[in-house]
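# Descriptive structure summary
Single-letter residue listing:
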Amino acid sequence: MTQTVHPVAAVEAVRWSPEGALRIIDQRRLPGEVVELDLRTTAEVAEAIRTLAVRGAGLLGVTAAMALAQAAALAADREPSADGRADTDRVMGAVRAAAATLRATRPTAANLGWALDRMLARVTSAAESLEVPAVEPTAAEIVAALQAEADAVLAEDRAMCLAIGEHGAALLHHGMRILTHGNSGALATGGLGTALAPIYVAHARGVVLRVYAGETRPLLQGARLTSWELTQAGVPVTLLADSAAASLMESGHVDMVLVGADRIAANGDVASKIGTLALAVLAHHHRIPFIVAAPRTTIDPRTETGADIPIEQRAPDEVLSIGGARVGAEGVAVHNPAFDVTPAALVTHYITDSGIEHAPFRLDVSCVKIPPPA
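Residues numbered from 1 in each chain as written. Predicted model: local features only at pLDDT ≥ 70, side-chain atom pairs only at ≥ 80, totals over all residues. Heavy atoms only, no water.

## Quick notes on the sheet that holds strand β10 (residues 290–293)
- Read across the open sheet, the seven strands follow the order β6-β5-β4-β7-β10-β15-β16; overall the sheet is mixed. Edge positions in the sheet fall to β6 (237–240) and β16 (355–357), since each has one partner strand and no second. Here the strands of the sheet are splayed against their neighbours by 25° on average, with no regard to which way each runs.
- The pairing of strand β4 (residues 177–180) with strand β7 (residues 256–259) spans two bridges and is parallel. Pairing of Leu-179 across the sheet is with Val-257, part of β7.
- Set on the sheet, helix α5 (residues 139–169) makes contact with β10, β15 (349–352) and β16; between it and β15 the angle comes to about 140°. (Pairing = 2+ DSSP bridges. Helix = DSSP H or I, 4+ residues; strand = E, 2+ residues; numbered from the N terminus. Axes fitted to C-alpha atoms, helices over the stretch in contact; angles between N-to-C directions. Contact = heavy atoms within 4.5 Å.)

Here it is, written out as structure tokens:
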């Protein structure tokens, strides 16, 4: 009999503050201290995303949706004009400007763009639903529609994480040793996470697992974030240097590699945290299952293959320094891609909120209600 124990995330990475600000955990400060930031403007949200105070594919989508709702509310809160049309135009202008600013922050993450497009489409549908189609929605109606949609995005993300966890837990058994990379847990989503969600569900059911977390250079998401949140949840975790993964596999101590994704092409190629490709190649060599866990919204039907995925290049200082101490020689050149692309041929299964899947995916692009970027 399948148990129906539902785990609760050990941390809440994003939520509304009592005053209506967008409240996040500042992930740059972990694990040394847990600090929450209240973001009140689009500029503050964009800076938080660019500097990785908030990160993770799912969480970027949730944050983007909430940020657009916030931008609309701030624009509507100004002194109302005598012309209601002017108020509507002001709010819509603020929403479109906020979407453009946020879209430019992290080009690889599919969920961020998906959430922005969904929120913009919600404004359009709000206008179409009016009894008099020629009448534009009021500023208050736009705010209400975007607030409801942002709340729906957050609720759906939580449900999606649980669904991934439920489906993925079926692949896990007592005593299994799982190697993960980057951070695809509660700190990366609005709920349990993606790659860590099956682990949390299995743990809640009493399944004893051993998780190995690669440190994930250069920003150490595995060391700072994954090992911290697993420890908070009481899941046994062992931290290792990225370069130790091969010997760990060779010694027979890894039964599965389980990772998340920032974008998945229609053919199944996976863009994920830099270093994921190396693990996929190693897993293939050692005949270890390589599993990708992600919501279906991470599958981009407009991206045919991994070659079409834009890869973000980040600042040289992230490689040249660790914890503020310089480790690279003066004058040395730096190559610092944030992601790499794992070919679909190296992926054993994909765990989505729809179940266990294989590539290429059945995607009806005509049913995906995503308007082209403005």
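Next, the rest of the story.
## Focus: the side chain of Thr-42
- As for its placement among the helices and strands, Thr-42 is situated in helix α1 (residues 42–50).
- Residue Thr-42 is classed as buried on the basis of its relative accessible area of 17%.
- Here Thr-42 is in contact with Ala-71, Ala-98, Thr-101 and Leu-102, once residues within four sequence places are set aside. (Buried < 20%, exposed > 50% of the residue type's maximum accessible area, 1.4 Å probe, protein only.)

## What about the nonpolar core?
- The biggest cluster of nonpolar side chains holds 42 residues, and the ones touching the most others in it are Val-14, Leu-68, Leu-102 and Leu-146.
- Only β2 (22–25), α1, α2 (57–76), α3 (84–103), α4 (110–128) and α5 provide two or more residues apiece to this core.
- For this core, the element with the most residues is α2, which contributes 12 residues.
- Not counting residues up to four positions away in its chain, the partners in contact with Leu-146 are Leu-68, Ala-69, Ala-72, Val-95, Met-119 and Val-123.
- The next biggest cluster of nonpolar side chains, apart from the first, holds 26 residues, and it includes Met-176, Leu-192, Ala-197 and Ile-199. (Core = buried A, V, L, I, M, F, W, Y, C linked by side-chain atoms within 4.5 Å.)

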